[in-house]
Amino acid sequence: SIGDCLLFYVNGKRIDETRPNPEHTLLYYLRNVLGMKGTKMACGEGGCGACTVMVSRYDREYNKVMHMSIYACITPVCRVHGMAVTTVEGVGSIRTRLHPVQERIAKFHGSQCGFCTPGIVMSMYTLLKNFPEPSQRQIEDAFDGNLCRCTGYRPILDGFKTFSCPKGENCCRVKKEGGMIETKGGMGEIEGLFPLDPTQDLIFPPELMLI
Ligand code: FES
Ligand code: FES
């Protein structure tokens, strides 16, 4: 029953761990126990963001589900009891459907070696869960904890700025005729970007609201 073991969800699947190893990190558990290799291991000490995942938990006081991006490499797996963990595998894939966050990275050439990309996707995905129309500043701040050694960040930010809210002429996103979107100082025009669609997201497991 709930309370006797470590209980959490990963991408909508319930995990009951009756004998959790208190020395295991969430990253170790995802990659080596569940065999999910989408979340990357790089520095292993909370310095690069390659291992970023989103955790969601129900906050009783605010009667609201809260979402946070965390470093799985320095989070003990026992810490996520009662939480719903979302990894890059739960966001979207080319086999099913890319999430707009992944699509923007691809269309704006924001991935080269790709090692940082799952973490970058998860930081942006979490920001959009909390702020569906973030400001440019919020977008930049959301990547405080993600290093990319290849791209220089510019194409990543250009792609993600297409999510930001219209702020008159200071907006980074100018809608043009025919649905074209131009990002100022960016790569130029990209046609037919996927809109954000909250129905594409996994729902928070109602069971976890009881814990
Ligand atoms: Fe670098 Fe986790 S692997 S922060
Ligand atoms: Fe290589 Fe970011 S694409 S580290």
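Residues numbered from 1 in each chain as written. Chains lettered and ligands numbered in written order. Predicted model: local features only at pLDDT ≥ 70, side-chain atom pairs only at ≥ 80, totals over all residues. Heavy atoms only, no water.

The name given to the protein in an unreviewed UniProt entry is xanthine dehydrogenase, with the source organism recorded as Oopsacas minuta.

I keep staring at the side chain of His99 and nothing clicks. Help me out?
Examined against the element boundaries, His99 turns out to sit in the loop between β5 (84-86) and α2 (100-107). Judged by relative accessible area, His99 falls into the buried class, the value being 2%. A polar side-chain atom of His99 sits 3.0 Å from the main-chain amide nitrogen of Val101. The residues touching His99, leaving out its near neighbours within four places in the chain, are Val91, Gly92, Tyr125, Leu196, Gln200 and Asp201. (Helix = DSSP H or I, 4+ residues; strand = E, 2+ residues; numbered from the N terminus. Buried < 20%, exposed > 50% of the residue type's maximum accessible area, 1.4 Å probe, protein only. Polar contact = N/O pair within 3.5 Å; in protein donor to acceptor, adjacent residues only side chain to side chain. Contact = heavy atoms within 4.5 Å.)

Would you explain the pairing of strand β2 (residues 13-17) in this entry?
It is a general feature of regular strands that their side chains alternate between the two faces of the sheet. Where strand β1 (residues 6-10) and β2 come together, five bridges link them in antiparallel fashion. Looking at the pairing, Val10 lines up with Lys13 of β2. The antiparallel hairpin formed by β1 and β2 contains two residues in its connecting segment, where Asn11 sits at a positive phi of about 50 degrees. (Pairing = 2+ DSSP bridges.)

Explain unusual backbone geometry here, please?
A negative phi holds for most residues other than glycine; trans holds for most peptide bonds. Here His109, not a glycine, exhibits a phi torsion of approximately 60 degrees, which is positive. Mapped onto the secondary structure, His109 falls in the loop between α2 and α3 (117-130). Given the relative accessible area of 52%, His109 is considered exposed. Unusually for a residue other than glycine, Tyr153 sits at a positive phi of about 75 degrees. Relative to the helices and strands, Tyr153 resides in the loop between α4 (136-142) and α5 (154-161).

Looking at this structure, how should I read the pattern of salt bridges?
A side chain with one charge may pair with a side chain of the opposite charge, provided their charged atoms come close. Counted according to the given criterion, the structure contains 10 salt bridges. Linking Glu103 and Lys107 is a salt bridge whose minimum nitrogen-to-oxygen distance equals 2.8 Å. With Glu103 and Lys107 both in helix α2 and four residues apart, the pair spans about one turn of that helix. A relative accessible area of 2% places Glu103 in the buried class. A relative accessible area of 30% means that Lys107 is categorised as partly exposed. If you follow the salt bridges from partner to partner, you end up with Arg14, Asp16 and Glu207 in one network. (Salt bridge = Lys/Arg side-chain N within 4 Å of Asp/Glu carboxyl O.)

Please clarify how helix α1 (residues 26-33) should be interpreted in this entry.
Given 3.6 residues per turn, any residue in an α-helix points the same way as the ones three and four places further on. Among all positions of α1, only Leu26, Leu27, Tyr29, Leu30 and Arg31 are buried. Contacts from the buried residues of α1 go to β1, β2, β3 (52-59), β4 (64-71) and β5. At the exit of α1 stands Gly35, carrying a positive phi of roughly 70 degrees.

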